[in-house]
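Per-entry structural report
Spelled out from the first residue to the last, the chains are:
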Amino acid sequence: SIFTHFKKPSLASCHTLDHETLQPSFEGPMRSALNSDMMMMPMAFYFGFKNVELLFSGLVINTAGEMAGAFVAVFLLAMFYEGLKIARESLLRKSQVSIRYNSMPVPGPNGTILMETHKTVGQQMLSFPHLLQTVLHIIQVVISYFLMLIFMTYNGYLCIAVAAGAGTGYFLFSWKKAVVVDITEHCH
């Protein structure tokens, strides 16, 4: 085959580190193979602020001031995400419309019969509270993916903004909620 004689250059042998932007720069055959508009995604954490693409191809950070602004925006977005989670839980508790109490007989000591009561809480599918919960859930999912993609830029400043914003949001909004510890929860 014609392709057995062509040795594909390895990525490691085709790039150097641009010390000004702290991002890889490509030389030789890899440079011609890459589209000039395409930015390579770093695969290690770095602290730079030049040519940092943020979520969209047209949103590129090039100055320290832009990075500071992006830091604040990402920090606030992460805080908002945590607040939205708590607000949804609170709305869910308030919107539980039908409360039923079911009593059933259970055997007691010495052959007696006791009545045990269970509380059942429900919600209607075609209701405003459920529609609102659905819209807020969609917003929460989109924001969570945005935060994940921002973290995946591997830019240290933006990663710190995500983590610090989420921590601050949790601190500010979660102190009132009833705590139920789920040790298996790893994803929000």
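Computed from a prediction, not measured in an experiment: that's the story for all the values here.

In the contact formed by helix α2 (residues 64–95) and helix α3 (residues 128–151), the axes pass within 10 Å of each other and the chain directions differ by 155 degrees. Between α2 and α3, the interaxial angle falls into the category roughly antiparallel. In this structure, α2 crosses over α3, and the sense of that crossing is left-handed. Only Pro-129, Leu-132, Gln-133, Leu-136, His-137, Ile-139, Gln-140, Ile-143, Ser-144, Phe-146, Leu-147 and Ile-150 of α3 make contact with α2, whose side of the interface consists of Val-74, Leu-77, Ala-78, Phe-80, Tyr-81, Leu-84, Lys-85, Arg-88, Leu-91, Leu-92 and Ser-95.

In this section: the UniProt feature "transmembrane region" (unreviewed entry) in the protein. UniProt tags residues 67–84 as "transmembrane region" (unreviewed entry). Helix makes up 100% of residues 67–84 and strand 0%, with an end-to-end C-alpha separation of 25 Å.

Moving on: helix α4 (residues 156–173). In this model, α4 (18 residues) spans 25 Å end to end at C-alpha, consistent with the 26 Å of a helix rising 1.5 Å per residue. Each element contacted by the buried residues of α4 is listed here: β3 (52–53), α2 and α3. The residue sitting at the N-terminus of α4 and contributing the capping side-chain oxygen is Asn-155; that oxygen lies 3.0 Å from the backbone nitrogen of Tyr-157.

What follows deals with the pattern of salt bridges. All told, the structure shown has one salt bridge when counted by the stated rule. Here Lys-85 ties to Glu-82 by a salt bridge, and the two come within 3.5 Å at their closest N and O atoms. Highlighted residues: Lys-85 and Glu-82, both in helix α2, separated by three residues, approximately one helical turn. There is no split in this pair, since Lys-85 and Glu-82 are both buried.

So, about the nonpolar core. Membership of the largest hydrophobic core comes to 17 residues, with the highest contact counts inside it found for Val-52, Leu-54, Ile-61, Val-74, Leu-147, Ile-150 and Leu-158. For this core, the secondary-structure elements that each account for two or more residues are α2, α3 and α4.

Let us look at the packing of α2 against α4. For the pair α2 and α4, interaxial distance at closest approach is 7 Å and the crossing angle is 35 degrees. For the pair α2 and α4, the crossing hand works out as right-handed.

For the rest of this paragraph, the subject is unusual backbone geometry. Glycine aside, residues mostly have negative phi, and peptide bonds are mostly found in the trans state. The phi dihedral of Asn-51 falls on the positive side, at around 60 degrees, and the residue is not glycine. In this structure, Asn-51 sits in the loop between α1 (28–33) and β3. Positive phi values are uncommon outside glycine, yet Leu-55 reaches one of about 65 degrees. When you line up the elements, Leu-55 lands in the loop between β3 and β4 (60–61).

Scored by pLDDT, the protein has a mean of 75; 64% of the residues are at 70 or more. When the elements of the protein are averaged for pLDDT, α1 gives the smallest value, 44, and α4 the largest, 94. Segment residues 1–15 is flagged for pLDDT under 50; beyond a separation of four residues in sequence, or across chains, it makes eleven contacts in the model. Scored below 50 in pLDDT, residues 28–36 makes six contacts in the model with residues more than four places away or belonging to other chains.

Once that is clear, we can look at the packing of aromatic side chains. Enumeration over the complete set of coordinates arrives at four aromatic pairs. Between Phe-45 and Phe-151, the ring centres sit 6.2 Å apart and the planes meet at 80 degrees, which makes this aromatic pair edge-to-face. Of the two residues, Phe-45 is situated in the loop between α1 and β3 and Phe-151 in helix α3; the sequence distance between them amounts to 106 residues. Relative accessible area serves as the criterion here: at 51%, Phe-45 is assigned to the exposed category. The class of Phe-151 is partly exposed, set by a relative accessible area of 33%. Centroid distance Phe-45 to Tyr-154: 5.2 Å. Interplanar angle 75 degrees. Geometry classified as edge-to-face. Taken together, the positions of Phe-45 in the loop between α1 and β3 and Tyr-154 in the loop between α3 and α4 put the pair 109 residues apart, joining distant regions of the chain. For Tyr-154, a relative accessible area of 22% puts it in the partly exposed group. Ring-pair connections join several aromatic residues into one group, and the members of that group are Phe-45, Phe-151 and Tyr-154.

Cut-off values and rules
Residues numbered from 1 in each chain as written. Predicted model: local features only at pLDDT ≥ 70, side-chain atom pairs only at ≥ 80, totals over all residues. Heavy atoms only, no water. Axes fitted to C-alpha atoms, helices over the stretch in contact; angles between N-to-C directions. Helix = DSSP H or I, 4+ residues; strand = E, 2+ residues; numbered from the N terminus. Parallel < 35°, antiparallel > 145°, perpendicular 65-115°, else oblique. Left-handed = near helix turned anticlockwise from the far one by under 90°. Contact = heavy atoms within 4.5 Å. UniProt positions renumbered as here; feature names shortened; annotations may be inferred. Expected span 1.5 Å × (residues − 1). Polar contact = N/O pair within 3.5 Å; in protein donor to acceptor, adjacent residues only side chain to side chain. Salt bridge = Lys/Arg side-chain N within 4 Å of Asp/Glu carboxyl O. Buried < 20%, exposed > 50% of the residue type's maximum accessible area, 1.4 Å probe, protein only. Core = buried A, V, L, I, M, F, W, Y, C linked by side-chain atoms within 4.5 Å. pLDDT = per-residue confidence, 0-100. Phe/Tyr/Trp six-rings, centres within 6.5 Å; stacked < 30°, edge-to-face > 60°.

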